[in-house]
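Remarks on the overall topology
Here is what each chain is made of, one letter per residue.
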Amino acid sequence: DGLLDFAPPKKGDVAAGIDDFLSLLWPRLMPGALVLLHSTLTNAAVRGWLDQMGAERASRWGRPGAVLSLLEPHKKFQNSVTLLQFRP
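Conventions adopted
- Residues numbered from 1 in each chain as written.
- Predicted model: local features only at pLDDT ≥ 70, side-chain atom pairs only at ≥ 80, totals over all residues.
- Heavy atoms only, no water.
- Helix = DSSP H or I, 4+ residues; strand = E, 2+ residues; numbered from the N terminus.
- Buried < 20%, exposed > 50% of the residue type's maximum accessible area, 1.4 Å probe, protein only.
- Polar contact = N/O pair within 3.5 Å; in protein donor to acceptor, adjacent residues only side chain to side chain.
- Phe/Tyr/Trp six-rings, centres within 6.5 Å; stacked < 30°, edge-to-face > 60°.

Points about the side chain of E72
Tracing the backbone shows E72 in the loop between strand 2 (64–71) and strand 3 (80–86). Take E72: its relative accessible area is 19%, and that puts it in the buried class. Separated by 3.3 Å, the side chain of E72 and the backbone nitrogen of S80 make a polar contact.

As for the packing of aromatic side chains
Taken as a whole and assessed by the stated rule, the structure comprises 1 aromatic pair. Taking the centre distance of 5.4 Å and the plane angle of 90° together, the rings of W26 and F86 count as edge-to-face. Of this pair, W26 sits in the loop between helix 1 (14–25) and strand 1 (34–38) while F86 sits in strand 3, and the two are 60 residues apart along the sequence. When sorted by exposure, W26 lands in the same class as F86, which is buried.

Structure representation (structure tokens):
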């Protein structure tokens, strides 16, 4: 259906790119599905989005049922991931 698995920055606005991507993806997920976001804890732009992911931001695309962020200390760059679980 043309849906990409990549959320490019929208005119340099990483948070808007993630929100746009999740707005398209979230309604199509099956219960229990996981969405993995790359480089979320050590990338300042994405970390800001993650830190402010609350009712205001999540209402655009839904609420994650669970959020789990993991550091990858063996990597120097792009060394974290965040999983969002869809629970209707």
